[in-house]
Amino acid sequence: MFNILAYKNEKYLLYFFIIIFSIIKASKNILVFPFKSTNLEIKLKDNEKIDDILFQLNKNQLYTSIGFGIPTQNIDFFLSIKIRMFSVLKNYCTEINNSTYIPEKSKRFNPSYNYNLTYSVMIKGKSAEDSVQFNYDLNLKDKRYINDFPFLIGYSSINITTNNKYCGVLGLYHKLEKEIFYFKSLISYLKSKREIDSYSWGIFYFDKENSYNINANIKKMYDGDLIFGIKDEDYLNIFNTSNVISDYAIENGDNYIGINFQKIFFYNNKEIKYICNNNTLINFVIDNNYNIINTYHYNIIKENFFKKYISSNICLEKTLTLSSGLKEYLIICNPSMKDNLKYFPTLYFFNIKFEYTFNLDYNDLFIEINNKIYFLIVGKDMESNIWNLGKIFMKKYPFIFNEDKKTISFVYLNKFNKKDDKDTDMPNTDNTDANEKNEENNSKVKQFFKDYYLLIILIICVILGIIFGIYIGAKIWKKRRVRANELDDNVDYTENENNYKHIIN
């Protein structure tokens, strides 16, 4: 009897741990796409038009390699928020690439017969299926295949190169401009298949402060990670902080995603100068290596810093009239401007919900190419109070995007508690108060996670204690039962037997 009871206890204990392990494992479903920059040579000549300059500035894009097919081949996918479909395109690769995918060589490749599909950057396209390999952990060791994975395949309408190789577009954000051929975006598909547990995603650049829990060898190989499926309980696993603050996201007609900032300003002789002092929508556009702002705000910056350099022919302003009749403006300076760049005022961006003041300084906003210095803020005739900030801003500050909850979350890394030396004498009371509140929030969140894990340990200990108690109780019960049987065996039945005979007689 006891052997059966002990066996059942051990069996239930095994089932218990399997269930607990499955729950824990299911809650950690994130997909990790390590990315690099193409680092292509930018070729700019004198008297280039603004659109040619911007095209060259955007040559360096973020990409990740994904394993396709059986046997596994590689496809380089460029990260984009402008193009939201997940597509494989012929002649879309740059001159330097790691793509080796040839669909016909994959045993699992299954093309459809629906040809000549066209959208955005694709022509002569069709739907297809193949096996795709994804990374399910930060250390890139847990690799799993998804079979019969649907995607679009066709020819690039841009024809970046003619090397006949396949590269792809990994469209971020799961809301499409329109439903194309009943296809879902990548993140929507993965969520519907329960490969990830949330619609949240973020692009995180590795830094010297070791703000991310990433293996040192991985940090040497890649620039950062694109992570899908981030949940609240993943924060401490990914970041060296648990302080993540959310605000409501805003979408506009350009299909970008952004957030309102209440103040954008700079300092001039220690006096604050507001570029705008009301809600300004800042869109995050990872496709761009430059920033685009409305002409009104652009002129404030030009008037306060560039005017004297333009009048002295150290800098010049280029103008481009678009087909719509709107104009774009770009400032280019001579090499003699280099010594003056440090006087460019740092631009500050304050968000009341995040309780933090972000900044971009001259190191972020100027680039020198072929003996010319380019200002990476383009003025454009568009709605007032809209800025499109490129990957420069997202490289400096990590954000988590979630369209399902309509939020953008700022990851308040530990390094943000340290103020730059150049900012220590600035009377920025908003930033000081925000830092104090963020430190308080950080402390509270850390304590919450600490209590949370202690509670789990306590519950597990109690359950194990109960099971152990049952086990020990069963052993004691068995010993007592054996002892009782031994006592019964030692009883003298002689007297009772004689009495029985006497009654019969």
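Residues numbered from 1 in each chain as written. Predicted model: local features only at pLDDT ≥ 70, side-chain atom pairs only at ≥ 80, totals over all residues. Heavy atoms only, no water.

A.B. asks: Go over the packing of aromatic side chains with me, naming the residues and quoting the values.
C.D. replies: This structure, assessed with the given rule, holds 60 aromatic pairs. Where Tyr63 meets Phe78, the ring centres are 6.4 Å apart and the plane angle is 55°; that geometry is what we call tilted. Separated by 15 residues along the polypeptide, Tyr63 in strand 2 (residues 62-68) and Phe78 in strand 3 (residues 73-80) bring together distant segments of the chain. For the pair shown, Tyr63 and Phe78 are each scored as buried. Taking the centre distance of 5.7 Å and the plane angle of 40° together, the rings of Phe399 and Phe410 count as tilted. Of this pair, Phe399 sits in strand 27 (residues 399-402) while Phe410 sits in strand 28 (residues 407-411), placing them eleven residues apart in sequence. Sitting above the plane of the Tyr222 ring, Lys36 keeps its charged end 5.5 Å from the centroid. (Phe/Tyr/Trp six-rings, centres within 6.5 Å; stacked < 30°, edge-to-face > 60°. Helix = DSSP H or I, 4+ residues; strand = E, 2+ residues; numbered from the N terminus. Buried < 20%, exposed > 50% of the residue type's maximum accessible area, 1.4 Å probe, protein only. Lys NZ or Arg CZ within 6 Å of the ring centre and 35° of its normal.)

A.B. asks: Account for the pattern of salt bridges, with residues named and values stated.
C.D. replies: Considering all chains together, one arrives at eleven salt bridges under this definition. A single salt-bridge network, built from bridges that share partners, covers Asp197, Lys231 and Glu233. (Salt bridge = Lys/Arg side-chain N within 4 Å of Asp/Glu carboxyl O.)

A.B. asks: Now, about the state of the cysteines: what can you tell me, with residues and values included?
C.D. replies: What the rule picks out here adds up to two disulfides. With a sulfur-sulfur separation of 2.0 Å, Cys93 is cross-linked through a disulfide to Cys167. As the torsion about the S-S bond is roughly 105°, the Cys93-Cys167 disulfide counts as right-handed. Of the two residues, Cys93 sits in the loop between strand 4 (86-90) and strand 5 (110-111) while Cys167 sits in strand 9 (residues 166-171), which places them 74 residues apart along the sequence. Since its relative accessible area comes to 0%, Cys93 is described here as buried. The exposure class assigned to Cys167 is buried, which follows from its relative accessible area of 0%. When the cysteines engaged in disulfides are numbered in sequence order, the chain pairs them as 1-2, 3-4. (Disulfide = S-S within 2.5 Å.)

A.B. asks: Outline the environment of Ile352, supporting the account with residue identities and numerical values.
C.D. replies: Among the structural elements, Ile352 can be located in the loop between strand 21 (347-351) and strand 22 (356-360). Looking at Ile352, the relative accessible area reads 55%, which means it is exposed. For Ile352 and Lys263, which are 89 residues apart along the polypeptide, the C-alpha to C-alpha distance reads 8.9 Å.

A.B. asks: Run through the sheet that holds strand 16 (residues 271-276), naming residues and quoting values.
C.D. replies: Pairing within the open sheet is antiparallel, and its four strands lie in the order 16-15-21-22. Two strands lie at the open edges of the sheet, namely strand 16 and strand 22, each paired on one side alone. Direction aside, the axes of adjacent strands within the sheet are offset by 30° on average. The sheet contact formed by strand 15 (residues 263-268) and strand 21 spans three bridges and is antiparallel. For Lys263, the partnering residue across the bridge sits in strand 21 and is Phe350. (Pairing = 2+ DSSP bridges. Axes fitted to C-alpha atoms, helices over the stretch in contact; angles between N-to-C directions.)

A.B. asks: Break down the environment of Asn414 for me, citing the residues and quoting the values.
C.D. replies: Among the secondary structure elements, Asn414 is positioned in the loop between strand 28 and helix 9 (429-489). Given a relative accessible area of 31%, Asn414 falls into the partly exposed group. From its side chain, Asn414 meets the backbone oxygen of Asn240 in a polar contact 2.4 Å long. (Polar contact = N/O pair within 3.5 Å; in protein donor to acceptor, adjacent residues only side chain to side chain.)

A.B. asks: Run through the nonpolar core, naming residues and quoting values.
C.D. replies: What tends to happen in soluble globular proteins is that the nonpolar side chains get buried as a cluster. Core analysis: the largest hydrophobic core is formed by 120 residues, its most contacted members being Phe134, Leu170, Ile203, Phe228, Phe306 and Phe349. A total of six residues in this core trace back to one element, the largest contributor, which is helix 6 (residues 295-311). Not counting chain neighbours up to four residues away, the residues in contact with Leu170 comprise Phe33, Thr64, Ile66, Phe77, Phe78, Leu79, Ser80, Met85, Phe86, Leu186, Leu226 and Phe228. Listed in part, the 15 residues of the second largest apolar core include Phe78, Leu117, Val121 and Cys167. (Core = buried A, V, L, I, M, F, W, Y, C linked by side-chain atoms within 4.5 Å. Contact = heavy atoms within 4.5 Å.)

A.B. asks: Describe the confidence of the model for the chain, listing the residues and the values that go with them.
C.D. replies: Averaged over all residues, the pLDDT of the chain is 82; the fraction at 70 or higher stands at 76%. The secondary-structure element of the chain with the lowest mean pLDDT is helix 10 (residues 494-504), recorded at 39, while strand 11 (residues 224-228) shows the highest, at 98. Low confidence marks residues 420-440, where pLDDT is under 50. Its contacts with residues over four positions away, or in another chain, come to 31 contacts. Across residues 486-505 the pLDDT falls below 50, and counting only partners more than four positions away or on other chains, this stretch makes one contact in the model. (pLDDT = per-residue confidence, 0-100.)

A.B. asks: Give a description of helix 2 (residues 50-57) that names residues and reports values.
C.D. replies: Burial in helix 2 covers these residues: Ile50, Ile53, Leu54, Gln56 and Leu57. End-on, the buried residues of helix 2 take up no more than an arc of 160°, which puts them together on one face. Elements in contact with the buried residues of helix 2: strand 19 (315-321), strand 20 (327-333), strand 23 (366-369), strand 24 (372-375) and strand 25 (377-380). (Arc of directions from axis to C-beta.)

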